[in-house]
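# Understanding the architecture of this molecule
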Amino acid sequence: MPRTAPRICPLCEATCGLTLTIEGTTVTGARGDRDDVFSRGFICPKGAAFGALDADPDRLRTPLVRRGGRLRPATWEEAYDAIAAAVPALVREHGAQSVGVVLGNPNVHTMAGALYPPLLVGALGTRNLFTASTLDQMPKHVSSGLLFGDPFAIPVPDLDRTDFLLLLGANPVESNGSLCTAPDFPGRLKALRARGGTLVVVDPRRTRTARLADRHLAPRPGSDALLLAALAHTLLAERPSGTGTPTGHTEGLRELADALASFTPEAVAPACDLTAAEIRTLARDLAAAPTAAVYGRIGSCTVEHGTLASWLVDVLNILTGNLDRPGGALFPLPATGPRPRAAAPGRGFALGRWHSRVSGHPEAKSELPIAALAEEIETPGPGRIRALIAIAANPVLSAPDGRRLDAALAGLDFMVSVDPYLNETSRHAHVVLPPPPPSQSAHHDFAFNGFAIRNQVRYTRAAVPLEAGRLDECEIHARLVLAVSGTYGAAEPSVVDETAIQGALARETADRSSPLHGADPVRLAGLLTGESGPERRLDLMLRLGPYGDLFGATVRPDGQPDRADHRADHGAEAGPEVGPEGGLNLERLLAHPHGIDLGPLRPRLPGLLRTRSGRIELLPAPIAAELPRLRAALTGRPAALVLVGRRHLRSNNSWLHNVPALTGGSNRCTLQVHPQDAERIGLTDGGRARVTADGGSLEVPVEVTDAVRAGVVSLPHGWGHDRDGTRLAVAAAEPGVNVNQLLDGTRLDPLSGTAVLNGFPVELAPLP
Ligand SMILES: Nc1nc2c(c(=O)[nH]1)N[C@H]1C(S)=C(S)[C@@H](COP(=O)(O)OP(=O)(O)OC[C@H]3O[C@@H](n4cnc5c(=O)[nH]c(N)nc54)[C@H](O)[C@@H]3O)O[C@H]1N2
Ligand SMILES: Nc1nc2c(c(=O)[nH]1)N[C@H]1C(S)=C(S)[C@@H](COP(=O)(O)OP(=O)(O)OC[C@H]3O[C@@H](n4cnc5c(=O)[nH]c(N)nc54)[C@H](O)[C@@H]3O)O[C@H]1N2
Ligand code: SF4
Ligand SMILES: [Mo]
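Worth saying up front: this structure is predicted, and the values here are computed from it rather than measured.

### Focus: the site of ligand 1
As a matter of local geometry, ligand 1 sits amid 28 residues, with Asn105, Asp419, Asn423, Ser654 and Asn740 nearest to it. The separation between a nitrogen atom of ligand 1 and a polar main-chain atom of Val418 is 3.1 Å. Expressed as a share of its isolated accessible area of 910 Å², the protein-covered part of ligand 1 is 94%. Counting contributing residues per domain, the shell around ligand 1 is built from domain 1 (64-136 + 364-437) and domain 3 (639-767), each supplying no fewer than three.

### Considering the state of the cysteines
Here, the word disulfide means a covalent bond between the sulfur atoms of two cysteines. Scanning the model with the defined rule gives zero disulfides in all. Cys474 carries a free sulfur, and the closest cysteine sulfur to it, the one in Cys9, is 18 Å from it.

### Observations concerning the site of ligand 2
Around ligand 2 sit 30 residues in total, of which Ser175, Asp203, Gly222, Asp224 and His648 are the nearest. Measuring from an oxygen atom of ligand 2, one finds a backbone N or O atom of Gly222 at 2.6 Å. Within the backbone of His648, a nitrogen or oxygen atom sits 2.6 Å from a nitrogen atom of ligand 2. In isolation ligand 2 offers 910 Å² of accessible surface; the protein chains occlude 98% of this area.

### Let's talk about the domain arrangement of the protein chain
Segmenting the protein chain into domains produces domain 1 (64-136 + 364-437), domain 2 (138-331 + 609-631) and domain 3 (639-767). One C-alpha centre belongs to domain 1, the other to domain 2; they are set 36 Å apart. Summing both partners gives a buried area of about 610 Å² for domain 1 against domain 2, and 67% of it is carried by carbon and sulfur. Between the two partners, domain 1 and domain 2, sit one salt bridge. For Asp136, the salt bridge is made with Arg297, and the minimal N-O distance between the two is 2.7 Å. Here domain 1 is connected to domain 2 by two residue pairs in polar contact (both at pLDDT 80 or more). Of the residues in the side of domain 1 that touches domain 2, the class split is two nonpolar, two polar and three charged.

Scoring rules and cut-offs
Residues numbered from 1 in each chain as written. Chains lettered and ligands numbered in written order. Predicted model: local features only at pLDDT ≥ 70, side-chain atom pairs only at ≥ 80, totals over all residues. Heavy atoms only, no water. Near = heavy atom within 4 Å. Polar contact = N/O pair within 3.5 Å; in protein donor to acceptor, adjacent residues only side chain to side chain. Areas by Shrake-Rupley, 256 points an atom, 1.4 Å probe, with all protein chains shown as cover. Domains from an automatic or database assignment. Disulfide = S-S within 2.5 Å. Buried area = accessible area lost by both parts, 1.4 Å probe. Salt bridge = Lys/Arg side-chain N within 4 Å of Asp/Glu carboxyl O. Nonpolar A, V, L, I, M, F, W, Y, C, P; charged D, E, K, R; others polar.

This is the structure:
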């Protein structure tokens, strides 16, 4: 008899609730969970393929250990013994920096990825941390850090209530949204238009999202910061008082106006390849809308001026009075995040507290640019990376110059991959630790609830029991922490969780502003429920969070502890309105298998600000220092042809090309070329071309289409599955090419260290 079980989908940021059909231990179907409090039954083709992905025969079922140069199946004990023998010894001999850590995108889609990598990096004491963020959203963290003092304070567009959405460099109809968690993003865009709202899309391609829009602007790639600067300039020039500006919480408005003075619509129009009139009209429409939200994603981040563009997105939200108000851009209040607190100056956000060894790149958010990973492995000298731990990461395909990184990885003394597949990156590991398929894992979105357009909380336990001989990914990580610390075998994996719990409770009970101040941490830990270490940690975070039961301690409605001596409530952020009676904890959440709705987003200023001034710092010094480079772009000669990426609804970065249901059709690795360019260069639809840039050349099939603007070609990423020693039978049959081979890793957004993956110059030549 088939049964059903709920499972939150881990395949993109929309976090839809699925209902899995299970026969025995096999997932035979997946549909949208109509009772899910957030996704209400929405599903996309990737979610529908959950069963096929879960049962992919190429998934690794046992650890692999390298012996005699070859990776061979091994037991978990053999795998961890190998790590425990190698890593602590390297650290003793060569120091903490000799071990690098690479964290890939799926870490934000697993519980393990949220709970353990900080402990692993802490245990190693290494500053050689590289993540997919420097191929993605690091510019947004940096701009939020500088504006609000907190790199995670990223406002999200209030999709369901806004009157006007200006969307730049995002294609949510294919990607299902990013840094804006919203199941059925396409439906929400249609609803916006249906209620009389306006959607404006800025994208050099006429995407499926652009086709839904009232207005589509197709500027030259890489010019968003100029366009946004001109929009901000126009607002400041035409409405100098900044109507609607929350001036009470901002500083630097006059300095901002001065700094943007030269970015008039006329000045930026040629570089953007738009008209000054189009830009001015857009600024006026944005300002006139009853409520509006500006939202930028990949196409505005992974570009030459990514941090400036990300900063200007929020500057526009602020100048139009739309930051932190319903219908505008709001800060979520996730159930496992910190509780609201009273407004007070913070410690601010610092950049460049240390630098990379070889090229001297500044750290951002304690990370170094992943584009600099290869040189940190190759270049001799003290501090060279000799061992690497890669968790859910495939940088050989995702990061610039995969060939160089491929060679560098082959030269490591030791490498560990935590990955379900033997792919382009994990094939270099000495030990591969495979997590179980998603049906056998529990799920909670620690990361994405912080970017969700509605506050809600959901948790799904494993839908299928863990197969014999498997380890849960949380336990894989916990054991890894022990193995690199030199305590493997001496301590149980649960010690890792209990240490984290004790640490968090010690901080909480020592905090004078906490209602738990002075309580006994050991007694509180004894009250936690849950069947496993990660469940106990989830329970702890829920209980201490904004909707938590605080172990029964009382709080006033403004979020402050109910203590007579606590009078610092001036400007306190309001506490949440909703939540289960008595407060949230794991038991109460488990009683709601389809989640608990915690209400629409609400204003959170000024309580969430952590800047030194306690205000929004409109023109932070590092930004001001970058503006001359943007000004230089006004007069620079743009390249004749530049390349941008694209995503397909049935893809996901580099690792979904092995599922037959998700491949084929229009999901292909083709170079899209505008008809004018095709004619000029002599390319034909279905023919082949050689594309050349800084990092090398690729031979690609050509697709002639006016969906890209003239002067722009588009090639998707995550392809190039033609290397030996992988186990990806389906993907290898249709390998495609790795677009990132066109990059040599030197083009970076300087403030964030993010690779320029969009809008870099290329040359094309026809091939016979
Ligand atoms: N040119 C170009 N390059 C890009 C981009 C682009 O737009 N253009 N996009 C960039 C972006 S936004 C990102 S986020 C990066 C992504 O870069 P990466 O994170 O390096 O790549 P992914 O393909 O997302 O997957 C990483 C690995 O996770 C493994 N994996 C899948 N599920 C799990 C799991 O449950 N547990 C574990 N441990 N591993 C798992 C997969 O097998 C794969 O090996 O790529 C970037 N690269
Ligand atoms: N189906 C699917 N969904 C995914 C993923 C996937 O690979 N496939 N990846 C996931 C990940 S890791 C992420 S980070 C998100 C990303 O989510 P999105 O940001 O929505 O990603 P894209 O679909 O790549 O959209 C970026 C758009 O920017 C445009 N663009 C390129 N250069 C510029 C420019 O200079 N200016 C402007 N204005 N636009 C430009 C491109 O043409 C493209 O349409 O998607 C996630 N969801
Ligand atoms: S939209 Fe994203 S979360 Fe929803 S079913 Fe599709 S892949 Fe899963
Ligand atoms: Mo991403």
